[in-house]
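Next come the chains, spelled out residue by residue.
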Amino acid sequence: MSGEHGAHEGESKAAAGSKQDITAWASKDGQFRRQASTFRDKIEVGGKYPPEEGRYVLYVSLACPWAHRTLIVRKLKGLEKFIDVAVVHAHMGALGWSFYPPVRDQDGGYPKTQGEVGEPDGLAEVTGDPLYKSKFLRELYFRVDPNYSGRFTVPVLWDKKTESIVNNESSEIIRFMNSEFDSLLDEEHVKLDLYPEALRSEIDDQNKWVYDTVNNGVYKSGFATTQQAYEDNVVPLFKSLDRLEKMLEGKQFIAGDQLTEADVRLYTTIIRFDPVYYNHFKTNIGTIRHRYPNLNAWQKRLYWQNDAFKSTTNFDHIKRHYFESHPQINPTRVVPVGPQPHIEHL
Ligand SMILES: N[C@@H](CCC(=O)N[C@@H](CS)C(=O)NCC(=O)O)C(=O)O
C-alpha cells in the first residue's frame, strides 16, 4: 500500500525547508518531483486510531485532486459522522495553504509573501480551522512535530483525541476508509467495496501507470521548466489518456464492471483537465471533451449520476487555486472564464 510517493523522498527535503519559497517546484533539471508523505498511520479496528464517531477531521483543499479522492470516498462510504471536513482557502501562497484569504496588495493583486489574514473574499465553502483557528495549514504540522521539515500538504487526516496527524497520504487514507469503518456502517455502505479482492491486481497495476503518467503527469508537464522536461511528460500523459480511452470502450468503469478506487483516482484528474490543466499546465494536445468521447462520457456519468462526485467537485476552488497560486506559470493570476460549461451535461 505504501510507496506511491516514495521514489524521490530525499530529493526535495532541502527545498521544503520552511524558509524556502515553497512555490519553487522544479528541480535543477527542470523536472518536478513529488515528495513522499510523512504521516503513515491508519485507522483500524483495535488499533491506535480506531473507527469512532466524531473523532476525526479531514483537512482538505477543494482544489486539490489528492484531497478530492478522500472527500469522494468519505461520501461514497457514508463516513460523515466519523470524519468532519475542514476546508482551506483556494489561494496557496509562499507560506502554503491558508485558512483565510490573503491580504491583497494595494493594486488588488496578491503579495509575494503571505503572512497576514485577509478579509473574507466571497469564496464559498471555506470553513477555516474548526479546532485551533490556525491561520495556516503548516501550524497543524508544527503542532505535531515542531521540527517538521516536509511539505505542508493536504489532505491531512487529524485525530481530535490524540491531537495528531493519522495520515497525510491520500492513497492510504482511501484504503482504510474503504474497509475499517464497515463494522459500524449500514449494509448498503458495507457492500460498496472500492478495492475488491478479485480486482486488486488489476487496480494495483493501473494505479501505477495512471499515477505516474496521468495524476502526477499533469503536474510534471505543468511544473517543468525546460522544453525537454515538459515534452518528456506531456507525451506519455496523452499516451496514457489514449490507452484509458480504449479501455473504456463499451465499459462503464475503469477496473472490472464496478465502481472502484481506480475510478475515484482517475476522476479527480480528468474533471480538472479541460477547466485547468489543458491551458494552465499546457497539456493541450487535446481536451477530454473533444478528443476522448469515452473518457468524457465516463466523467459525465460519475459527475451527474453520483452525488459523491458532484457534491465534492467545486470548480471555483479548482480554477482559482491553480490560476492564482502559480505566478511562475500565470503571473497575472487572471482566471479564465471557460470552458463553458465546466463539465458537459449528459
Ligand atoms: N502525497 C500526497 C500529495 C498531496 C499533495 O501534493 N497535495 C498538494 C495540493 S494538490 C499540496 O498540498 N501541496 C502543498 C505543497 O506541496 O506545499 C497525497 O496524495 O495525499
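Residues numbered from 1 in each chain as written. Predicted model: local features only at pLDDT ≥ 70, side-chain atom pairs only at ≥ 80, totals over all residues. Heavy atoms only, no water.

## As for the pattern of salt bridges
Enumeration over the complete set of coordinates arrives at 17 salt bridges. Asp-274 is paired through a salt bridge with Arg-289; the nearest N and O atoms lie 2.9 Å apart. On the criterion of sequence distance, the pair formed by Asp-274 in helix α9 (residues 273-280) and Arg-289 in helix α10 (residues 288-291) is long-range, its members being 15 residues apart. For Arg-289, a relative accessible area of 14% gives the class buried. Among the ionic pairs, Glu-324 bridges to Arg-320, the shortest N-O distance being 3.2 Å. (Salt bridge = Lys/Arg side-chain N within 4 Å of Asp/Glu carboxyl O. Helix = DSSP H or I, 4+ residues; strand = E, 2+ residues; numbered from the N terminus. Buried < 20%, exposed > 50% of the residue type's maximum accessible area, 1.4 Å probe, protein only.)

## Considerations on the sheet that holds strand β2 (residues 83-87)
Note on sheets: strands pair through backbone hydrogen bonds, and any given pair is parallel or antiparallel. With mixed pairing, the 4 strands of this open sheet are ordered in space as β2-β1-β5-β6. Of all strands in the sheet, those bounded by a partner on one side alone are β2 and β6 (164-167). For this sheet the average axis-to-axis angle between neighbouring strands, irrespective of direction, equals 35°. Of the strands in this sheet, β1 (56-60), β2, β5 (156-159) and β6 touch helix α3 (residues 170-179), which is tilted by about 80° from β6. (Pairing = 2+ DSSP bridges. Axes fitted to C-alpha atoms, helices over the stretch in contact; angles between N-to-C directions. Contact = heavy atoms within 4.5 Å.)

## Focus: empty space enclosed by the protein
Summary: where empty space remains is shown by rolling a probe the size of a single water molecule over the atoms. A complete count under the given rule lists 3 cavities of 30 Å³ or more for this structure. If you add up the space inside the largest cavity, you get close to 50 Å³. Lining the largest cavity, in full, are Gln-206, Asn-207, Val-210, Asn-215, Leu-244, Ile-254, Ala-262, Arg-265 and Leu-266. Looking at the lining of the largest cavity, the elements that each hand over two or more residues are α5 (200-215) and α8 (261-270). Broken down by class, the residue content of the lining of the largest cavity amounts to 5 nonpolar, 3 polar and 1 charged. (1 Å grid on protein atoms, 1.4 Å probe; cavity = no way out; pocket = protein on both sides within 12 Å on 5 of 7 lines; lining within 4 Å. Points joined across faces, edges and corners; volume = space filled by probe spheres on them. Nonpolar A, V, L, I, M, F, W, Y, C, P; charged D, E, K, R; others polar.)

## Some remarks on the site of the ligand
Around the ligand, 19 residues are found, and the nearest of them are Arg-34, Ser-37, Cys-64, Arg-151 and Ser-170. Between Trp-97 and the ligand, the recorded distance is 2.8 Å, taken from a side-chain N or O atom to an oxygen atom. Asn-168 places a polar main-chain atom, nitrogen or oxygen, 3.4 Å from an oxygen atom of the ligand. Burial of the ligand by the surrounding chains reaches 95%, relative to a free accessible area of 510 Å². The residue makeup of the shell around the ligand, split by class, is 11 nonpolar, 5 polar and 3 charged. (Near = heavy atom within 4 Å. Polar contact = N/O pair within 3.5 Å; in protein donor to acceptor, adjacent residues only side chain to side chain. Areas by Shrake-Rupley, 256 points an atom, 1.4 Å probe, with all protein chains shown as cover.)

## Quick word on the UniProt feature "active site" (unreviewed entry) in the protein chain
The UniProt record annotates "active site" (unreviewed entry) at Cys-64 and Tyr-219. Despite a sequence span of 156 residues, these residues sit close together in the fold, their greatest C-alpha distance being 11.7 Å. Relative to the assigned elements, Cys-64 resides in the loop between β1 and α1 (65-76). Residue Cys-64 is classed as buried on the basis of its relative accessible area of 7%. Residue contacts for Cys-64: discarding those within four places in its chain leaves Val-154 and Arg-272. (UniProt positions renumbered as here; feature names shortened; annotations may be inferred.)

## Let's talk about the packing of α1 against α3
Put simply, α1 and α3 touch, their axes get as near as 9 Å, and they point 5° apart. When the axis of α1 is compared with that of α3, the two are roughly parallel. Across from Trp-66, Arg-69, Thr-70, Val-73 and Arg-74 in α1, the residues of α3 making contact are Ser-170, Ser-171, Ile-173, Ile-174 and Met-177. Grouping the constituent residues of the contact of α1 with α3 by class yields 5 nonpolar, 3 polar and 2 charged. (Parallel < 35°, antiparallel > 145°, perpendicular 65-115°, else oblique.)

## Section: the pairing of β2
Two faces make up the sheet, and in a regular strand the side chains alternate between them. Two elements, β1 and β2, share 5 bridges in a ladder whose sense is parallel. Looking at β2, one finds that Leu-58 is bridged to Val-85.

## Details of the nonpolar core
Counting 90 residues, the largest nonpolar core has Tyr-59, Leu-241 and Leu-295 as its most contacted members. Here this core gets 7 residues from one element, more than from any other, and that element is helix α7 (residues 227-247). Taken domain by domain, the makeup of this core includes at least three residues from each of domain 1 (10-191) and domain 2 (197-305). (Core = buried A, V, L, I, M, F, W, Y, C linked by side-chain atoms within 4.5 Å. Domains from an automatic or database assignment.)

## Observations regarding α7
Given a rise of 1.5 Å per residue, 21 residues ought to cover 30 Å, and the 30 Å separating the end C-alpha atoms of α7 matches this to within 8%. Where α7 is buried, its residues contact α5, α6 (217-222), α8, α9, α10 and α11 (293-305). (Expected span 1.5 Å × (residues − 1).)

## Considering the UniProt feature "binding site: glutathione" (unreviewed entry) in the protein chain
When the UniProt feature table is mapped onto this chain numbering, "binding site: glutathione" (unreviewed entry) sits at Trp-97, Arg-151, Phe-152, Thr-153, Val-154, Glu-169 and Ser-170. Within the element layout of this structure, Trp-97 appears in strand β4 (residues 96-97). Residue classification places Trp-97 among the buried positions, given a relative accessible area of 6%. Ignoring anything within four residues of it in the chain, the contact list for Trp-97 reads Ser-61, Val-88, His-89, Ala-90, Met-92, Phe-136, Leu-137, Phe-152, Val-154 and His-321. For Val-154, a relative accessible area of 6% corresponds to the buried category.

## Brief notes about the packing of α5 against α8
At a minimum axis separation of 10 Å, α5 and α8 run at an interaxial angle of 5°. When the axes of α5 and α8 are compared, the pair comes out roughly parallel. Contact residues: Ile-203, Gln-206, Asn-207, Val-210, Tyr-211, Val-214 and Asn-215 in α5; Glu-261, Ala-262, Arg-265, Leu-266 and Thr-269 in α8. Split by residue class, the contact of α5 with α8 holds 6 nonpolar, 4 polar and 2 charged.

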